[in-house]
Amino acid sequence: MKRIREPSTWAGLSGILLGLAEIIPSASAQVVVRGLSAIAGGLAVLLREGTDDAAP
């Protein structure tokens with residue numbers, strides 16, 4: 001469960017979802033998957049900026 005707190009996990013998930021959105025034929029499903037990708041990317045940034053080891 002420690003891996004779930006890593007920013008790289010969420011950044012990778014965001015990239016996978018964005019790539020997946022390109023091959024989904026349904027336009028409405030693409031919107032949902034891109035939205036989930038944006039949320040995962042935002043969470044990665046939030047986790048990265050919220051850690052003490054983040055260099056300014």
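Here's what I pulled together on the structure shown here. (Residues numbered from 1 in each chain as written. Predicted model: local features only at pLDDT ≥ 70, side-chain atom pairs only at ≥ 80, totals over all residues. Heavy atoms only, no water.)

### Focus on the packing of helix α1 (residues 7-23) against helix α2 (residues 27-50)
Line of reasoning, step 1. Closest axis-to-axis distance for the α1/α2 pair is 8 Å, and the angle between their directions is 165 degrees. By the criterion of interaxial angle, the relationship of α1 to α2 is roughly antiparallel. In this structure, the crossing between α1 and α2 has a hand that is left-handed. Contacts between α1 and α2 involve P7, W10, A11, L13, S14, L17, L18, A21 and E22 from the former and Q30, V33, R34, L36, S37, A40, G41, L43, A44, L47 and R48 from the latter.
Line of reasoning, step 2. Residues that form the contact of α1 with α2 fall into these classes: 13 nonpolar, four polar and three charged. (Axes fitted to C-alpha atoms, helices over the stretch in contact; angles between N-to-C directions. Helix = DSSP H or I, 4+ residues; strand = E, 2+ residues; numbered from the N terminus. Parallel < 35°, antiparallel > 145°, perpendicular 65-115°, else oblique. Left-handed = near helix turned anticlockwise from the far one by under 90°. Contact = heavy atoms within 4.5 Å. Nonpolar A, V, L, I, M, F, W, Y, C, P; charged D, E, K, R; others polar.)

### Remarks on the environment of E6
Line of reasoning, step 1. Along the polypeptide, E6 turns up in the segment before α1.
Line of reasoning, step 2. Along the sequence, E6 and L47 sit 41 residues apart, while their C-alpha atoms lie 7.2 Å from each other.

### Considering α1
Line of reasoning, step 1. The end-to-end C-alpha distance of α1 is 25 Å, a good match for the 24 Å that 17 residues give at a rise of 1.5 Å each.
Line of reasoning, step 2. On its buried side, α1 packs onto α2. (Expected span 1.5 Å × (residues − 1).)

### Some remarks on the side chain of Q30
Line of reasoning, step 1. Looking at the secondary structure, you find Q30 in helix α2.
Line of reasoning, step 2. Judged by its relative accessible area of 17%, Q30 falls in the buried class.
Line of reasoning, step 3. Looking at Q30, its side chain comes within polar contact range of the main-chain oxygen of I24, at 2.6 Å.
Line of reasoning, step 4. Residues contacting Q30, with those up to four places away along its chain left out, are A21, E22 and I24. (Buried < 20%, exposed > 50% of the residue type's maximum accessible area, 1.4 Å probe, protein only. Polar contact = N/O pair within 3.5 Å; in protein donor to acceptor, adjacent residues only side chain to side chain.)

### Details of α2
Line of reasoning, step 1. Over its 24 residues, α2 extends 34 Å from the first C-alpha to the last, a length consistent with the 34 Å expected when each residue adds 1.5 Å.
Line of reasoning, step 2. Along α2, the residues classified as buried are Q30, V33, S37, A40 and A44.
Line of reasoning, step 3. Tucked into the core, α2 has its buried residues touching α1.

### Some remarks on the side chain of S37
Line of reasoning, step 1. Structurally, S37 is set in helix α2.
Line of reasoning, step 2. You can call S37 buried: its relative accessible area is 4%.
Line of reasoning, step 3. Among the polar contacts made by the side chain of S37, one reaches the main-chain carbonyl oxygen of S14 at a distance of 2.9 Å.
Line of reasoning, step 4. Apart from residues no more than four positions distant in its own chain, S37 is found in contact with S14, L17 and L18.

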